[in-house]
Amino acid sequence: MSILFINGSPNKGGNTVKLAERLLAGKVYDTLHLVDYKLYSYGQQFEDDQFQEIADRMKEAEGIVIGSPVYWHNMSGAVRNLIDRFYGPVSAGALSGRKFAFLFQGAAPEKWMLEKAEYTMSRFARMYGMEYAGMATNGREAEELSGKF
């Protein structure tokens, strides 16, 4: 299975990446760091925008993992921009048949933050036809989720 991990943290060696390493231990996967791409906000149109490159990489993968640190009680802006940008240019069901998981880590996120993130990412998965494996917020959960991925 080809797996793409999308790191929504600006830190390429931080806790989000470490959580992905636990989820994907023993599996071969590629990492895409959103911080390396020009991903403009929904509605902006610039020639150097790289949204399509990211979407194409996602379409090539059989499994997709998106990871985000908890920023301001929510997912990072980079991850939010990515999922916002799907609306319109990517048709519903375009990622059918792919497995999808979300990693959401931070220092003591509150229950309501986790619920909002879980709802958003499970809905994103359903809208684009992916099988939602679940969300992990710590190493133990990542290791449990690994068995479903």
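Residues numbered from 1 in each chain as written. Predicted model: local features only at pLDDT ≥ 70, side-chain atom pairs only at ≥ 80, totals over all residues. Heavy atoms only, no water.

Caption draft 1: Structural view of the nonpolar core. Formed by 29 residues in total, the largest nonpolar core has its most connected members in Ile 6, Met 58, Ile 64, Ile 66, Leu 82, Phe 86 and Phe 124. Among the secondary structure elements, those contributing two or more residues to this core are strand E1 (3-7), helix H2 (51-60), strand E3 (63-69), helix H3 (77-86), strand E4 (99-105) and helix H4 (111-127). Setting aside anything within four residues of it in sequence, one finds Phe 86 in contact with Phe 51, Met 58, Leu 95, Phe 124 and Tyr 128. In terms of nonpolar packing, the next biggest core, distinct from the first, is built from 15 residues, Ala 20, Leu 23, Ala 142 and Leu 145 among them. (Core = buried A, V, L, I, M, F, W, Y, C linked by side-chain atoms within 4.5 Å. Buried < 20%, exposed > 50% of the residue type's maximum accessible area, 1.4 Å probe, protein only. Helix = DSSP H or I, 4+ residues; strand = E, 2+ residues; numbered from the N terminus. Contact = heavy atoms within 4.5 Å.)

Caption draft 2: Representation of unusual backbone geometry in the model. One non-glycine residue, His 73, adopts positive backbone phi at about 70°. With respect to the secondary-structure elements, His 73 resides in the loop between E3 and H3. For His 73, a relative accessible area of 42% puts it in the partly exposed group.

Caption draft 3: Representation of the packing of H2 against H3 in the model. It is the contact of H2 with H3, at a shortest axis distance of 11 Å, that shows an interaxial angle of 80°. Taken together, the axis directions place H2 and H3 in an arrangement best described as roughly perpendicular. For the pair formed by H2 and H3, the contact residues are Phe 51, Ile 54 and Met 58 on the first element and Leu 82, Arg 85 and Phe 86 on the second. In terms of residue class, the contact of H2 with H3 is made up of five nonpolar, no polar and one charged. (Axes fitted to C-alpha atoms, helices over the stretch in contact; angles between N-to-C directions. Parallel < 35°, antiparallel > 145°, perpendicular 65-115°, else oblique. Nonpolar A, V, L, I, M, F, W, Y, C, P; charged D, E, K, R; others polar.)

Caption draft 4: Expanded view of the pairing of strand E5 (residues 131-136). In terms of strand pairing, E4 meets E5 through five bridges, oriented parallel. Of the residues in E5, the one forming a bridge with Lys 99 is Glu 131. Taken together, E4, H4 and E5 constitute a β-α-β crossover, and its handedness is right-handed. (Pairing = 2+ DSSP bridges. Right-handed = clockwise from strand over helix to strand, strands pointing away.)

Caption draft 5: Looking closely at the packing of aromatic side chains. Inspection of every chain in the model, using the stated rule, returns nine aromatic pairs. A ring pair is formed by Phe 51 and Phe 86, whose centres lie 5.5 Å apart and whose planes are at 90°; its orientation type is edge-to-face. With a gap of 35 residues between them, Phe 51 in helix H2 and Phe 86 in helix H3 connect regions that are remote in the sequence. With respect to burial, Phe 51 and Phe 86 carry one shared label: buried. Plain terms: the ring middles of Phe 100 and Phe 124 are 5.8 Å apart, the flat faces sit at 65° to each other, and that makes the pair edge-to-face. You can see Phe 100 sitting in strand E4 and its partner Phe 124 sitting in helix H4, a full 24 residues away along the chain. Here Phe 124 falls in the buried class, since its relative accessible area comes to 6%. One aromatic cluster is present, formed by Phe 51, Phe 86, Phe 100, Phe 124, Tyr 128 and Tyr 132 through successive ring pairs. (Phe/Tyr/Trp six-rings, centres within 6.5 Å; stacked < 30°, edge-to-face > 60°.)

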